[in-house]
Every structure is written in C-alpha cells, then in structure tokens.
Amino acid sequence: MRFTDGFWQLREGVSALYAREAHDIDAHDGALVVSAPTKVIETRGDTLNRPVLTVTLTAPLEGIIGVLIEHHTGGLPHEGFDLPGIGDDSASPTIVIDATEGAITSGDLTARVRQGAGWSLSFESGGHVLTSSEESSIAMIDVDPSVALDGQLEDQLRRHRGGGAQRYMHQQLSLGVGELVYGLGERFGPLVKNGQSIETWNADGGTSSEQAYKNVPFYVTNRGYGVLVDHPGHVSFEVGSENVERVQFAVAGERLQYYVIAGTGQREVLERYTALTGRPALPPAWSFGTWLSTSFTTDYDEKTVTGFIDGFAERDLPLSVFHFDCFWMREFNWCDFEWDPRVFPDPEGMLHRLHSRGLKVSVWVNPYIGQRSPLFEEARSAGHLLRRPDGTVWQWDRWQAGMAIVDFTNPDARRWYQEKLRRLTAQGVDTFKTDFGERVPLDVVWHDGSAPEGMHNRFAQLYNEAVFEVLQERGEGDAVVFARSATVGGHRFPVHWGGDSASTFVSMAETLRGGLSLAFGAFGFWSHDIGGFEGTPDPAVFKRWTAFGFLSSHSRFHGSRSYRVPWAFDEEAVEVTRVFSQLKMRLMPYLYTAGKESARSGVPVMRPMPLAFPDDPAAAYLDRQYMLGPDLLVAPVFTADGDVEFYLPAGGWTHLLTGERMTGGGWRRERHDFTSLPLYVRDGAVLPWSAHADRPDADWLQGLELRIFGDPDDAAIVVDNPAGDSAEYSVVKDETGYSASTTSSDAFSIAIATGTATAASNGKAWIAR
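Residues numbered from 1 in each chain as written. Predicted model: local features only at pLDDT ≥ 70, side-chain atom pairs only at ≥ 80, totals over all residues. Heavy atoms only, no water.

Colleague: Explanation requested: the overall build of the protein chain in the structure shown.
Modeller: Across its full length, the protein chain holds twelve helices and 50 strands. Here the C-alpha atoms of the protein chain give a radius of gyration of 27 Å, agreeing with the 27 Å that 2.2 N^0.38 yields for 769 residues. Dimensions of the protein chain along its principal axes, counting C-alpha atoms only, are 85 × 70 × 45 Å. Residues counted as buried form 61% of the 769 residues belonging to the protein chain. Sequence separation of at least 24 residues holds for 68% of the intrachain contacts in the protein chain that already meet a minimum separation of 6. A total of about 27400 Å² of accessible surface is found on the protein chain, and carbon and sulfur atoms cover 49% of it. Between the centroid of the 67 positive side chains of the protein chain and the centroid of its 102 negative side chains there is a distance of 3 Å. (Helix = DSSP H or I, 4+ residues; strand = E, 2+ residues; numbered from the N terminus. Rg over C-alpha atoms; globule rule 2.2 N^0.38 Å. Buried < 20%, exposed > 50% of the residue type's maximum accessible area, 1.4 Å probe, protein only. Contact = heavy atoms within 4.5 Å. Areas by Shrake-Rupley, 256 points an atom, 1.4 Å probe, with all protein chains shown as cover. Lys, Arg positive; Asp, Glu negative; His and termini not counted. Charge placed at Lys NZ, Arg CZ, Asp CG, Glu CD.)

Below you can see the structure in the form of structure tokens.
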C-alpha cells in the first residue's frame, strides 16, 4: 500500500504525521519508553495541539527487541499472534539512558534511540548497524475515503471499517546496499522479495497469483536479522518498492507492534524466531512415506481404493498412507463427518482392512458445515456457528450450499468439532487433511469478541490447532495434519502443502518457489500435489514432478478430476515412481534426522539455497533448486527433454545416483532421463542409508549402511528409530582408511560413495580409502 507520490510528495488525499524527535526517553518496568512528537519542539507552545507517538522498546527474549508504536491507547486491546515465547523470564535486558541516547540491549542486539531532534532508532549487533528507522520512517497516516488506494483488497477492508478518513500506522526500516529480503509466507513469485508489494491476507487463489494460502508477516534478510510484525490482520509490505531504500509495513489503526530478531545468520534468526513463536512438531516417520489420494471429483469406492493399493503392491511401489478426499462424505453434506453409506457401507471394516495392509488412513475435512448436513441445526442451535451482527448465522452458497463456518473462538464449538473428529479416529482414521480456512468473512461477530479483520488470518491457526490436538491424543509424536492455510505459528502443526497448482512445468516451478518462500517462516515440513492439481499432466510433467515430489519432506499423489496412479500415464512413470519412492525410503534415517533438527531449531528440512549458503552471493537468488537436509542438493527438472541448468556451490560433490564426482563453484548444464536429476551430496557427508526400501518407518538400525562422501574427517551420527530406540555411530579417519563403531547391537556396514563397502561385526567396521 503506497502513500507517497515519488520521494517528495504524498498522494493527493493523504496526510502524514511523522515522529520528528525523541523528546524524552524513560525506563519503565524493563522497557525503554520514548515520547516522539510529530513536530520538533522548539517552544513550549509547540507542545499544544500536537499528536505524540509513544514508542516502547522491550526485550522478550535474548537477541529480540520489540517495538510498539502507539497514538491513542484508549481503544480495544491489541490482538496479536499467539507467541509462546512472550513471558519467558530468561531475557534480562540492559537499559542505559544518557544525554545523547537511550539504549536497550538483549543478548547481542542493541536498539539505540537518539535524544532530541531528527528521529533515529537503530538496531545494532556485532558492532555494526543491522537496520534503522530514520527521518520520515515512523508515521501516522490519514487517507481521505475518496482516495483509491492500491488494490481490491484494501478497498474491501476500507468498506468494512466504515466511512470517514482511514488511519494507518507505518514503519520503514532501512535496506543496505546488496541487502536482500526473503520470506513473508508462501509466495509464488521470485524468492527475493525486493521490489515487491505484498499483502498478508489469506486467500484461496491458487499458485499462480499474488495471493497466498499462508501469509506470514515475517521476513529475514541476508544481513543477520529478521522482522516479525505482530498483527494478525492485513499488513501491507512495500519491500524496496515505494521507497527503494527501505522496507515499509503498514497496518490500519492506532497501533503497530513488531519485533527485530538478530542472529549470526539466517539459521540463528529462525532459531530465535521459533523460540518466540513456537517450535515445529516432529511428524511421525510413517508420514514421510507415499500418500496416495482418491483425487477430488473422481469416482471411488472400496473396490477402486483396493485396486489402487493392489496396483502399488504388484509393482513394488511403497505406499504408506491412503487418503480419501471430499466425497468420502455425501455431496452437499460437507461436513457431516459421516461416510457416504451409498459408497462405503462398511467403513469400520474397510478401515480395518486397510490397516491390516500396513496403511495409515487420511480423510478430508474443512471447517464448514453445509446447510443440508444433519449437523447444521445441531451447531446452529448450540451457538457453534459464526454469526452476523444481527445475530443470524453467516451463510453463503460458495463451496457448499448454505455453508456456515464453525466459530473456533467459542470453546464449546471447538470441543464439539473435536468430538466429531474423535469419532473418526475411534473408527480408525489416522490423520486429517485440513483443507480451506482462507475465505473468512468480515461482516461477522466472533464469540470471543475478536476483531473480524484480525481473525481472518488467525482462523487458520485455531482450526489447525483444534485438529492437531485431537491427533496428539493418539500418542506422543504421532500427530500430523495435511494443511493448506496458515499464518504465524502455523509451522507448529505440520504438514503443509502448496495448494491448487496446475499440471504444467510452469506451475511445478511456482509451487517450488512457494515452498521455499514458506521455509523462511520456519515451516519445516512441506508437500505439494505430485503432477499438479488442476488438469491432467502429460506423462513428462508427471514423471518430472514425481522425482521432485519424493525429494520433498512429504510426498503425495493428488489431483482434481483424474487419478494420479502412475500406471495411468505410462510404464516409465511406474519405474520413475519405483526409483524415487524407494530412494526416499533408503534416505529415511537422514531425512528424519533433518526433521528432528527442524523441530529443535526451526531450520526447515527443505532449505532454500540462500539459507544453506549464506556466504555465497551466487546462491542469493536461486529458486529452482534447494538443499534437502544439510548435505543433499536437489535441482528438479522442469523440461520434458531433461535439460536442466543449476548452480553447484564451491567444493566437492558426488552424484548420489551415479557416483560421479564434480567440483563446484559454478553453473552446470546437464541432461537427465526420467529416472535421474541433479542430486548431489556435498563432500564431508556421511549418509545413514536404510536397508529397507519398502516403508519409511522400518527398523533403520537393522542393516544400516554409512555412506562416506568426499574423504570427510571424523564424524559422529545419531540414528533414531521410529520405535524409539537410537544408536550412535562414530566414523574415524586415519592414513589408511575409515574405522567405524556403534552402540547398536545390529550389524551395519560402511561404504565409500564410489561403491566399495564392507560389513561390520561386533559393532565395528573398517574400510580402505
């Protein structure tokens, strides 16, 4: 949202009052409080008839400083995100006020406010300024109602807020030369956000527009800090766009809260961000396997489902989860949480039969109740549905006829919805695809009095949290959802998928960009519809997308109007599925370890290249490749003929599938058949390699192989089994070879990446270099 006309002028109908000086600086209850008049105070008369902005700086956690900018404070209480880290008493900021400045220090981050005229607030770490708020950067802005602001969304929000001038608060933070901005949730455009205008407002817009399902008002730069705007409603970002020297964020109202998060690099920023917003949960090992869906509008019954499962087994294709999409329930009844009796007359028996084949079962749900659902009147009469200001239930006919929305701010409604899910888990359902949650209206009254604009994005958080809690009741570490919508904190309830893509190479690439952008918000576990959702992919798209899908943290075949079983395309598609699904099963000890790191620190399993190689300028803009965990470089192929161009960072690399050795430090062009792609292991890696290619939750300690790449120095590896036990492996290098030992009683082996291997006995092994 842009307020200026070039550098010198405001747009017609826009007025702005800026923080002009730090008139006085005080310390109160561990906070630095600054009175910032909107005019330089030269005489006593200047203090009259003059708005003053109050800027309060706090330190909620080490390395994090919060900034609260307020005009009038007599309005409704601030509705921010659920931030579990707030209230942690471990932070003990230091506050110093002297004749020239006031400063607050938290860990290695210091915020300094200069006394007197010429507003200046800087954030410093390691002896240098990370970013700063200078003249004309903090503003209270009024916009005449006749002024057309940028975009349909802001016009809609202004109508909701009512007539008269609209008030906004904005902050601009400086950008340095060469400074690049990443994140702001799931965005399908370029990975680097500089030059973009971004509106954080959840929308069901597919993967090919500026809209996104998962909006996260948090960005991180390549200069060692990130910024979280603690505002669950609409936040408008201008990233080096309106003012090319600054990042601007603006919100409606009289109050703006944000946090600056410092770190030695992006990894530490994410670690501190998730200390504030919560760590990701670790999904169960079985969820890393193949998910096969019925697809959306296709016909299916138990015979169809069994045929698909038999087809996977006959072709030696690993399968872990079978998913029933919307039409497991009767049409017009979504949601009634009842199996359509015309198609599934024996759901309990069917679920038992699926479990007996070693499969988990997922079913589709959404947070809506259609009018024809038998549950509609039950929910309406109990007050569980979202209401309009006149007391009537909010309804419309899009998606489901007469559809209403469950009001998750009502504790009774939340428990009611959860009880419906518990009936399904009691039947044998293992997990839920939590679809939708983006189209949340504004002309409503929430049970807890939440502001409608603030609840628009927060709704996804309440919805997914309610479902996740039910699944956690199954046992520690066994909860996983398949969610589409999210906002700040949504990363705590994995897994998320990329939404409704088209079945094309272009859409495959934009899907990857969306996932990499989301990763900068600590979303550690991510998936997408293999082959694309809309339309039917041609065999080339399907096969290339299959390789990409199995080199993601989670892998699901799903479509709209056609099935996604590989033999529906051609026999080579079956072979591609076999190669990459079995490869993923072999990689499970490695992937699960990467997942544990994500749950501990917030660093995602699929890592954007700028996050993985922060000191390599050539990696800064890369959005067609990524690191899978710390050591595997993946460059999906976006062409039918297999031509691919990618960047291989400096150092030695070995192709995982062929053993071919490469020296990085530049761009490469390669051509791959459908059973291959650029998949390189960096030198120094020791990959724990499972002996089991049939399932993701096998006993990895049985027959484990340690694959050594690029002559590493000594290495220590911990492998955690899905059953709960673990083993430590030590690899020691000397002048002749490698010796390895383990705490496990299971036999293991070590291998050089070129193919030489030796088996171990009595917990020890040796191999020549």
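Colleague: What's the story with the nonpolar core in this structure? I'm lost.
Modeller: Soluble globular proteins: nonpolar side chains tend toward being buried together. The biggest cluster of nonpolar side chains holds 182 residues, and the ones touching the most others in it are Phe-324, Trp-339, Tyr-417 and Leu-656. No other element matches the nine residues that helix H7 (residues 452-472) contributes to this core. Aside from chain neighbours lying at most four places away, what touches Trp-339 is Phe-324, Trp-328, Phe-344, Pro-347, Met-350, Leu-351, Val-363, Leu-424, Gln-427 and Val-429. In terms of nonpolar packing, the next biggest core, distinct from the first, is built from 43 residues, Ala-36, Leu-130, Leu-175 and Phe-249 among them. (Core = buried A, V, L, I, M, F, W, Y, C linked by side-chain atoms within 4.5 Å.)

Colleague: For this particular structure, what's the right way to read the side chain of Glu-510?
Modeller: Tracing the backbone shows Glu-510 in helix H8 (residues 505-519). Buried charged residue Glu-510 carries no salt bridge. Nearest counter-charge: Arg-513, at 4.5 Å. Within the structure, the side chain of Glu-510 is placed 3.0 Å from the side chain of Ser-507, a separation counted as a polar contact. In this structure Glu-510 touches Phe-188, Thr-207 and Ser-208, once residues within four positions along its chain are discounted. (Salt bridge = Lys/Arg side-chain N within 4 Å of Asp/Glu carboxyl O. Polar contact = N/O pair within 3.5 Å; in protein donor to acceptor, adjacent residues only side chain to side chain.)

Colleague: Would you mind going over the sheet that holds strand S9 (residues 94-97) with me for this structure?
Modeller: Neighbouring strands of a sheet are bound in pairs by backbone hydrogen bonds; such pairs are parallel or else antiparallel. Read across the sheet, five strands follow the order S9-S10-S11-S13-S14 without closing on themselves; strand pairing throughout is antiparallel. Of all strands in the sheet, those with a lone pairing partner are S9 and strand S14 (128-133), marking the two edges. Across the sheet, the mean angle from the axis of one strand to that of its neighbour is 20 degrees, orientation sign disregarded. Across six bridges, strand S10 (residues 101-106) lies against strand S11 (residues 109-114) in antiparallel orientation. Its bridge partner lying in S11, Ile-104 is registered against Ala-111. (Pairing = 2+ DSSP bridges. Axes fitted to C-alpha atoms, helices over the stretch in contact; angles between N-to-C directions.)

Colleague: Looking at this structure, I do not really get the state of the cysteines. What am I missing?
Modeller: Each disulfide consists of a covalent bond between the sulfur atoms of two cysteine residues. As enumerated under the stated definition, the model contains zero disulfides in all. The cysteine Cys-326 is free of any disulfide, with Cys-335 supplying the nearest cysteine sulfur at 8.4 Å. A residue is classified by how much of its surface remains accessible, and Cys-326, at 2% relative accessible area, is buried. (Disulfide = S-S within 2.5 Å.)

Taken by themselves, the reported measurements are silent on function.
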